[in-house]
Amino acid sequence: QVQVVESGGGLVQPGGSLRLSCAASGTFFKINVMAWYRQAPGKQREFVARITSAGSTNYGSSVEGRFTISRDIAKNTAYLQMNSLNVDDTAVYYCNTNAYWWTTGSQDYWGQGTQVTVSS
C-alpha cells in the first residue's frame, strides 16, 4: 500500500552533519508513525528515532541529543537531522512507515535504505 524512499545519505567527516529524508507515497488513509532505523555491518538493526502522527518523538539512546526527527505532513515526509556524526554512526539508514488502510489495517513499510558513511 505504501512506498517508502530514503534519500540524503553520503560521505561525511567526523563531526559533520547530514539530513536524511523519507518520503512515503501510495494508498493509505493515515500514517501513524514514521521512524528511522539503521544497520551497520555485522550488527543488528537499531532503532534511531520515531515521530507519531501527533508529532511526538522519541530516540534511541545512542543518538538522542545529536539527531532530530521532524516531518512535513503535506509531503508525507520525515526528516532526520544528524549532527556531531562519528564513525559509529556509519550504517545503512532505513525509514519505516506505519500506515493504515481499511483493507489491510495498520502495516509497516520499509524503504531500501540510504548509506551514511562517516570517515576522514
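Residues numbered from 1 in each chain as written. Predicted model: local features only at pLDDT ≥ 70, side-chain atom pairs only at ≥ 80, totals over all residues. Heavy atoms only, no water.

Draft legend 1. Seen up close, the overall build of the chain. Counting its secondary structure elements, the chain contains 0 helices and 11 strands. Order of helices (α) and strands (β) in the chain, N terminus to C terminus: β-β-β-β-β-β-β-β-β-β-β. In terms of overall size, the chain behaves like a compact globule, its C-alpha atoms giving a radius of gyration of 14 Å where 120 residues would be expected to give roughly 14 Å. Overall, the C-alpha framework of the chain stretches about 50 × 25 × 20 Å when taken along its three principal axes. The buried share among the 120 residues of the chain stands at 42%. Taking the intrachain contacts of the chain between residues at least 6 apart in sequence as the baseline, contacts between residues at least 24 apart amount to 54%. When the accessible surface of the chain is totalled, it reaches about 6,300 Å², and 46% of it is carbon and sulfur. (Helix = DSSP H or I, 4+ residues; strand = E, 2+ residues; numbered from the N terminus. Rg over C-alpha atoms; globule rule 2.2 N^0.38 Å. Buried < 20%, exposed > 50% of the residue type's maximum accessible area, 1.4 Å probe, protein only. Contact = heavy atoms within 4.5 Å. Areas by Shrake-Rupley, 256 points an atom, 1.4 Å probe, with all protein chains shown as cover.)

Draft legend 2. A look at the pattern of salt bridges. Here the structure, examined in full by the defined rule, presents 3 salt bridges. Among the ionic pairs, Arg38 bridges to Glu46, the shortest N-O distance being 2.9 Å. Here Glu46 falls in the partly exposed class, since its relative accessible area comes to 26%. Salt-bridge contacts for Arg66 lead to Asp89; the nearest nitrogen and oxygen are separated by 2.8 Å. Within this pair, whereas Arg66 is found in the loop between strand 6 (57–59) and strand 7 (67–72), its partner Asp89 is found in the loop between strand 8 (77–82) and strand 9 (91–101), the two being separated by 23 residues in sequence. For Asp89, a relative accessible area of 1% puts it in the buried group. Via salt bridges that share partners, Arg38, Glu46, Arg66 and Asp89 belong to a single interconnected network. (Salt bridge = Lys/Arg side-chain N within 4 Å of Asp/Glu carboxyl O.)

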